[in-house]
Amino acid sequence: MDVNGTVAEGFEPVREAFVRNFETLGERGASVAVYRDGQQVVDLWAGTKDIDGTTPWEHGTAQVVRSATKGMAAAVLLLLHQRGQLDLDAPVGHYWPEFKARGKERVLVRHVLNHRAGLPVLDHPLTPEQALDPLRGPAAVAAQAPAWEPGTDHGYHALTYGWMLDELVRRVTGQGAGEWLAAQITGPLGLDLWLGLPDSEAHRVGRAGRVEGPEPTGGLRARPKRSVTEAYEDPASLTRRAFAAITPFPDQNDRAYRAAALPATNAIATADGLARFYATLIGDTAGASRLFTPETVELARAEESAGPDRVLVVGTRFGLGYMLHGSASPFLAPGSFGHPGRGGALGFADPESEIAFGYVTNGFRKTVTADPRAQGLVRAVRQALGL
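Along each chain, residue indices are assigned from 1 in the same order as the chain's sequence is written. With the structure being a predicted model, the display of local features is reserved for residues of pLDDT at least 70 and the display and counting of side-chain atom pairs for 80 or more, all residues being used for whole-chain, interface and lining totals. Side-chain descriptors were evaluated using all non-hydrogen atoms of the structure, hydrogens and water having been removed beforehand.

Q: Sorry, what's going on with unusual backbone geometry here?
A: A negative phi angle is the norm for most residues apart from glycine, just as the trans form is the norm for most peptide bonds. Cis geometry is adopted by the peptide bond preceding proline 248, which originates at threonine 247 and carries an omega value of -10°. Numbering goes from the N terminus for both helices and strands, where a helix is a DSSP run of H or I of at least four residues and a strand is a run of E of at least two. Residue placement: proline 248 occurs in the loop between helix H10 (238–243) and helix H11 (255–259). Its identity as a non-glycine residue notwithstanding, arginine 66 has a phi of 50°, on the positive side. Within the secondary structure layout, arginine 66 lies in the loop between strand E4 (63–64) and helix H2 (69–82). Only protein chains enter the accessibility calculation, which uses a 1.4 Å probe; a residue whose area is less than 20% of its type maximum is buried, one above 50% is exposed, and one in between is partly exposed. Accessibility expressed as a relative area gives 15% for arginine 66, which makes it buried. A positive phi angle, near 60°, is found at arginine 102, a position not held by glycine. Take arginine 102: it is sitting in the loop between helix H3 (92–95) and helix H4 (109–113). We classify arginine 102 as exposed; its relative accessible area is 51%.

Q: Just to check I follow, could you spell out the environment of glycine 273 for this structure?
A: By the secondary structure assignment, glycine 273 is in helix H12 (residues 271–282). The buried category is assigned to glycine 273, whose relative accessible area is 1%. In sequence terms glycine 273 and phenylalanine 357 are 84 residues apart; their C-alpha atoms lie 9.9 Å from each other. Apart from the residues lying within four places of it in its own chain, the contact partners of glycine 273 are Leu191, Asp192 and Leu193. By definition, residues are in contact when any of their heavy atoms lie within 4.5 Å.

Q: Honestly, the sheet that holds E4 in this entry has me stumped. Any pointers?
A: As a general point, the strands of a sheet are linked pairwise by backbone hydrogen bonds and lie either parallel or antiparallel. Should DSSP find at least two bridges between two strands, the strands are regarded as paired. The strand order across the open sheet built from 3 strands is E4-E7-E5, with neighbouring strands paired in antiparallel fashion. The sheet terminates laterally at E4 and strand E5 (193–194), the two strands that pair on one side only. Of the strand pairs in this sheet, E4 and strand E7 (residues 268–269) are connected by 2 bridges, and their pairing is antiparallel. The residue bridging glutamine 63 from the neighbouring strand is alanine 269, located in E7.

The following block contains the structure:
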């Protein structure tokens, strides 16, 4: 395998793990980047740009990162809070009066971020065309009754998370989350990361698709325990309904889908863009001051929800908008926070070691939270640090 890029001295295990992903885990095209103390120490890419093509993956090739999008979107709400524009403990209906319908008066802004809003499903799923309309998703959630008493339990809001977050940002700032992210974060920092892909960057994005490989050994496995399998197969389960809030799910290679802004699931990023985003959340990087104050970092990673997840049917841990290190989604260390993307992508930060990590791929596997390719790379970073 012809691997391109560089690794700093001591981080050679990451290159070795990256090569193994292609040799033994069915990788087709991917990139990985790691920052330490604001400096890039790993920048690798290999394979093909398109999962079904022959054009080589280049430096700057980008891919859809699915639910890794949630970590980028969460930063928007947390920064609005940090700037005094949004109260995490205010009812969502304070900013968005229509949301209060059908027993949602006590849903707080923090419940949107910690997956305790009780709104993971839609009784009337949206079509792909409706989902791309920035008004239809929020309106559907506003009309939805909670599946449980808000604030009393948690369950992964796979798609509805994005519509609630987007409308909150719009009500507070007049811009959607993607517009605000571009204007306030990714544009000024020059990050290769988009929530709403501009036409000018469309040529950089590879075609994604499904790949098969050996069964993973952690998280939500390709052959999970019976309760998880049954939940995904049962049309009436919260699990199945949460992921079916858009039915059928859009073609993620479609230009219109990529150009839209769905803050739960359709950001486009390079590995470097994803890693540098997290690096700048926790510390200064070249030419940029840190985005999160130490207090906001603690908000992001302080445990808000933990235990059996009513949607994912395994134990999960969430801070405010971010998954936390745990068996369902292992990161670098107990203090890490970030978000995986279903089938592969991963971005996270670990403030104690000052590590920020980004991995993107064009090959989606059956994994939900703990893809073995990403996990192999994380273990290699841990080895490089002697952890």
